[in-house]
Amino acid sequence: MKDRIEELLKEIETFAGSAEDHAEEFRLKYLSRKGQVSSLFDDFKNVPNELKRDVGQLLNKLKNRAQERWDELRSSSASTTNSAKFNFDPTLPVGGFLGSRHPLSLVRREIIEIFGRLGFTVAEGPEIEDDWHNFTALNFPEEHPARDMQDTFFIADKIALRTHTSSVQVRVLENTKPPVRMLMPGRVYRNEAISARAHCFFHQVEGLYVDKNVSFADLKQTLLYFSREMFGADTQIRLRPSYFPFTEPSAEMDISCTICSGKGCNVCKHSGWVEIMGCGMVDPAVLQNCGIDANVYSGFAFGMGIERITMLKYGVNDLRLFSENDVRFIGQFRSAL
Ligand code: PHE
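Quick caveat, the model's predicted, so the values are computed rather than measured.

Parameters and conventions
- Residues numbered from 1 in each chain as written.
- Predicted model: local features only at pLDDT ≥ 70, side-chain atom pairs only at ≥ 80, totals over all residues.
- Heavy atoms only, no water.
- Helix = DSSP H or I, 4+ residues; strand = E, 2+ residues; numbered from the N terminus.
- Buried < 20%, exposed > 50% of the residue type's maximum accessible area, 1.4 Å probe, protein only.
- Contact = heavy atoms within 4.5 Å.
- Areas by Shrake-Rupley, 256 points an atom, 1.4 Å probe, with all protein chains shown as cover.
- Salt bridge = Lys/Arg side-chain N within 4 Å of Asp/Glu carboxyl O.
- Pairing = 2+ DSSP bridges.
- Axes fitted to C-alpha atoms, helices over the stretch in contact; angles between N-to-C directions.
- Phe/Tyr/Trp six-rings, centres within 6.5 Å; stacked < 30°, edge-to-face > 60°.
- Domains from an automatic or database assignment.
- Lys, Arg positive; Asp, Glu negative; His and termini not counted.
- Parallel < 35°, antiparallel > 145°, perpendicular 65-115°, else oblique.
- Nonpolar A, V, L, I, M, F, W, Y, C, P; charged D, E, K, R; others polar.
- Near = heavy atom within 4 Å.
- Polar contact = N/O pair within 3.5 Å; in protein donor to acceptor, adjacent residues only side chain to side chain.

Glancing now at the overall build of the chain. In terms of helices and strands, the chain carries 12 helices and 10 strands. Principal-axis analysis of the C-alpha atoms places the extent of the chain at approximately 115 × 45 × 40 Å. A total of 337 residues make up the chain; the buried ones form 42% of that total. For the chain, the share of sequence-separated contacts (at least 6 apart) that also reach a separation of at least 24 residues comes to 66%. Of the roughly 18,700 Å² of accessible surface on the chain, 51% is carried by carbon and sulfur atoms.

Take a look at the structure:
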């Protein structure tokens, strides 16, 4: 009997169950009413009296050790079931729902891809911007209304959330020797009440081309190419004179309405045209502010809202849809890009 107890003492140390619940398997095998330790206790009454003391001590040792092992197994199996719960398996099949890119990401990628064919590369700048990059270097007069607290979210003295991506033009020009052909996508902020047509943050893509002999004709042809690639080969563009402190001359560009093809509808307010961006020739003062010789170099710049392009391309009529992240809306967009 002593040999049998010694054997079991060894066995329980190395116990490795095969069932899912090791602790329960261990309990059934050794500790339950019909288990091996219990049956040794039953046999104990047959042990000759003179051996009872020795065998009894050993048997108690086995029983205590088996109890301890059971406790150990129970706590380790609890921790494996816990970790299994947090063990995320990304290879499992999804239950019918495939993720999709956000429509603004799709359109941003498409814009970058179209201008990429013309040799434009991508640059980014910070969303928290200083007065120099957002306003002063861009030729904004000290009293310009765009600097006003009503439009701009100021964070500290002369530090604000950028109100446009034109700030990145300055950063690029300060750090790059022309020729420069850059596209600068990013989020911008303006202190506006949120509605179907306005939001306190939105996204822009800025374009900048600086080299020797860049002309307004280059700007116009570049924008025509973009508009037709983005909205279809029949798209017409028109440039209306406008004003921006950092471009001269400046223009606003309209495309023929994508909804009614120029016939007149609610979206184009029955004019047949919808505005999609501001643009112009980079003001020589901006080039000089960035350390570029304006007698040698000229350039054009443009800036468009990604939300606006997306609304016209996909017929979305409420700006708020882009930031509410309702999967019923954002799940409708599919693209190869
Ligand atoms: N930054 C201007 C805006 O936010 C757009 C623009 C960019 C105009 C570049 C001209 C040139 O309205």
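Further notes follow.
For the structure on display, the rule yields 22 salt bridges. Residue Glu 24 is joined to Arg 27 by a salt bridge in which the shortest nitrogen-to-oxygen separation is 3.0 Å. With Glu 24 and Arg 27 both in helix α2 (residues 22-31), this residue pair falls three residues apart, about one helical turn. Residue classification places Glu 24 among the partly exposed residues on the basis of a relative accessible area of 31%. Looking at Arg 27, the relative accessible area reads 25%, which means it is partly exposed. The closest approach of N and O atoms between Asp 42 and Arg 33, which form a salt bridge, is 3.4 Å.

The next thing to look at is the sheet that holds strand β7 (residues 237-244). Spatially, β1-β5-β6-β10-β9-β8-β7 is the arrangement adopted by the seven strands of the open sheet, whose pairing is mixed. This sheet does not close on itself; its edge strands, each paired only once, are β1 (121-122) and β7. Strands β6 (201-211), β8 (247-256), β9 (273-282) and β10 (298-305) of the sheet are contacted by helix α10 (residues 306-314), whose axis makes an angle of about 60° with β10.

Looking now at the sheet that holds strand β4 (residues 159-161). In spatial order, the strands read β2-β4-β3; together these three strands make up an open sheet with antiparallel pairing. On the outer flanks of this sheet lie β2 (128-130) and β3 (154-156), each paired with one strand and no other. Across the sheet, the mean angle from the axis of one strand to that of its neighbour is 35°, orientation sign disregarded. Two strands pair when backbone bridges link them, and β2 and β4 are joined in this way by three bridges, in the antiparallel orientation.

Below, the discussion takes up the side chain of Thr 152. The topology assignment puts Thr 152 in the loop between α6 (131-134) and β3. Leave out the neighbours within four places in its chain, and Thr 152 touches Phe 135, Ala 146, Arg 147, Ala 160, Leu 161, Thr 163 and Asn 191.

Okay, the packing of aromatic side chains next. Following the criterion strictly, the structure yields 16 aromatic pairs and no others. Summarising the aromatic geometry, the rings of Phe 120 and Tyr 209 are spaced 6.3 Å apart at their centres and angled 65° between planes, so their arrangement reads as edge-to-face. Taken as a pair, Phe 120 in the loop between α5 (103-116) and β1 and Tyr 209 in strand β6 lie far apart in primary sequence, 89 residues in all. Exposure class is identical for Phe 120 and Tyr 209. Each is buried. One aromatic cluster in this structure is built from Phe 115, Phe 120, Tyr 209, Phe 226, Phe 300 and Phe 302.

Glancing now at the domain arrangement of the chain. Looking at the assigned domains, one finds that the chain contains domain 1 (2-85) and domain 2 (103-330). On a C-alpha basis, the centres of domain 1 and domain 2 stand 76 Å from each other.

Most of β6 sits inside the fold, with nine of its 11 residues counted as buried. When strand β5 (residues 180-189) meets β6, the two strands line up antiparallel, connected through 10 bridges. Bridging from a neighbouring strand, Val 188 pairs with Phe 202 of β6.

Let us look at the side chain of Asp 283. Looking at the secondary structure, you find Asp 283 in the loop between β9 and α9 (284-289). We note that Asp 283 is buried and unpaired, the nearest opposite charge coming from Arg 147 at a distance of 13 Å. When near neighbours in sequence (up to four residues on either side) are disregarded, Asp 283 contacts Asn 139, Pro 245, Phe 246, Thr 247 and Glu 248.

Closest axis-to-axis distance for the α5/α10 pair is 9 Å, and the angle between their directions is 100°. Regarding the angle of α5 to α10, the classification is roughly perpendicular. Contact with α5, carried on its side by Pro 103, Leu 104, Val 107, Arg 108 and Glu 110, involves Ile 306, Glu 307, Ile 309, Thr 310, Lys 313 and Tyr 314 of α10 and no other residues of that element. For the contact of α5 with α10, the class distribution of residues is six nonpolar, one polar and four charged.

In the region of the ligand, 14 residues are neighbours, and His 164, Ser 166, Arg 190, Gln 204 and Glu 206 sit closest. Note that a nitrogen atom of the ligand is positioned 2.9 Å from one of the side-chain N or O atoms of Ser 166. One nitrogen or oxygen atom from the side chain of Arg 190 is found 2.9 Å from an oxygen atom belonging to the ligand. Notes on the ligand: free accessible area 330 Å², of which the protein chains cover 88%. Elements with a contribution of two residues or more to the shell around the ligand: α7 (166-175), β6, β9 and β10. Here the shell around the ligand is built from residues that sort into five nonpolar, seven polar and two charged.

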